[in-house]
Amino acid sequence: MIAPAAARRLCIALIAAHQKALIRDRKLGPNTLITRHLGAGAQPILIEEDTLGFDSLSLLDLILVINRYFALNETGVEDYLFLQRDLDSWASLIEQHFRMIGDAASITISTSGTTGPAKPTRHSRADHLAEVAVNRDLLAPSPDARVLSLVPPHHIYGFLWGVLLPHEAGLSVVPLDTAAPSALTRHARPGDIVLGTPFLWEKAASFDVTLPDGVTGVC
């Protein structure tokens, strides 16, 4: 259901979202944000206080967030998050969890909170796959199509279109959720599927982003 690279992207997004909430509450400094540590060579990204600012208590809160999202407790994998505190190990543990649990897999995604308090809702693997199958049939992507995702993968839209659909359709993903919308100009090519939101499409237009023929935009 989730490949190792996708598990890593989801971990990054969940950690960053948790950090941003702590930064807003002035419990973390902005220099600890995980996205600042990406692309810094082959060094593993350690999930600890010296790198990402998580002391023992905030680390526990983060592990609870990760556990709730993936339901890791159902295979016992969450215990190993305390022992293997680096990004790649967490991604491997999540991928292992999904291999172990198989068809019983589920994830819990919170609503955005734009119309009230954010509400967590649990979604089964079967429901996700059914929706992805419909979207795949509607798009009928070519075998060499790529998904360029401007949206975070841990929200329901980003997960369905930017994680699960590419996995099921055998498509590669270009994650651009931490890049400016103008990055589309450099990356988009004919046949690509671009995931955006009304806000992001508006920003892309303000940058005079021009896309090649044959690109499909999803909103």
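Residues numbered from 1 in each chain as written. Predicted model: local features only at pLDDT ≥ 70, side-chain atom pairs only at ≥ 80, totals over all residues. Heavy atoms only, no water.

Side note on the packing of aromatic side chains
The geometry of an aromatic ring pair is captured by two quantities: the separation of the ring centres and the angle between the planes.
Then step 1. One pass over the full model with this rule turns up two aromatic pairs.
Then step 2. Taking the centre distance of 4.8 Å and the plane angle of 70° together, the rings of Y69 and F70 count as edge-to-face.
Then step 3. Overall, the relative accessible area of 5% leaves Y69 in the buried class.
Then step 4. F70 gets classed as buried once you look at its relative accessible area, which sits at 0%.
Then step 5. Centre to centre, the rings of F70 and F98 are 6.0 Å apart; their planes meet at 85°, and the pair counts as edge-to-face. With F70 in helix 3 (residues 56–70) and F98 in helix 4 (residues 87–101), this residue pair connects regions lying 28 residues apart in the sequence.
Then step 6. In this structure F98 comes out as buried when scored by relative accessible area, which is 5%. (Phe/Tyr/Trp six-rings, centres within 6.5 Å; stacked < 30°, edge-to-face > 60°. Buried < 20%, exposed > 50% of the residue type's maximum accessible area, 1.4 Å probe, protein only. Helix = DSSP H or I, 4+ residues; strand = E, 2+ residues; numbered from the N terminus.)

Comments concerning the pattern of salt bridges
Then step 1. This structure, assessed with the given rule, holds five salt bridges.
Then step 2. One salt bridge in this structure joins E95 and R99, with 3.0 Å as the shortest N-O distance. Remark: R99 and E95 occur in helix 4; sequence separation between them is four residues, near one turn of the helix.
Then step 3. Its relative accessible area of 17% is what places E95 among the buried residues.
Then step 4. Measuring nitrogen to oxygen at the nearest pair gives 3.0 Å for the salt bridge that ties D103 to R125. In this pair, D103 sits in the loop between helix 4 and strand 1 (106–110) while R125 sits in helix 5 (residues 125–139), placing the two residues 22 residues apart along the sequence. (Salt bridge = Lys/Arg side-chain N within 4 Å of Asp/Glu carboxyl O.)

Observations concerning the pairing of strand 4 (residues 172–175)
Then step 1. Across four bridges, the pairing between strand 3 (residues 146–149) and strand 4 is parallel. By the bridge assignment, S149 is partnered in strand 4 with P175.
Then step 2. In this region the chain leaves strand 3, passes through helix 6 (residues 156–169) and returns to the parallel neighbour strand 4; the handedness of that crossover is right-handed. (Pairing = 2+ DSSP bridges. Right-handed = clockwise from strand over helix to strand, strands pointing away.)

Some points on unusual backbone geometry
Then step 1. A positive phi angle, near 60°, is found at R26, a position not held by glycine.
Then step 2. By secondary structure assignment, the location of R26 is in the loop between helix 1 (4–24) and helix 2 (49–52).
Then step 3. We classify R26 as exposed; its relative accessible area is 79%.
Then step 4. The backbone phi angle of D208 is positive, close to 55°, even though this residue is not glycine.
Then step 5. By relative accessible area, which is 64% here, D208 ends up exposed.

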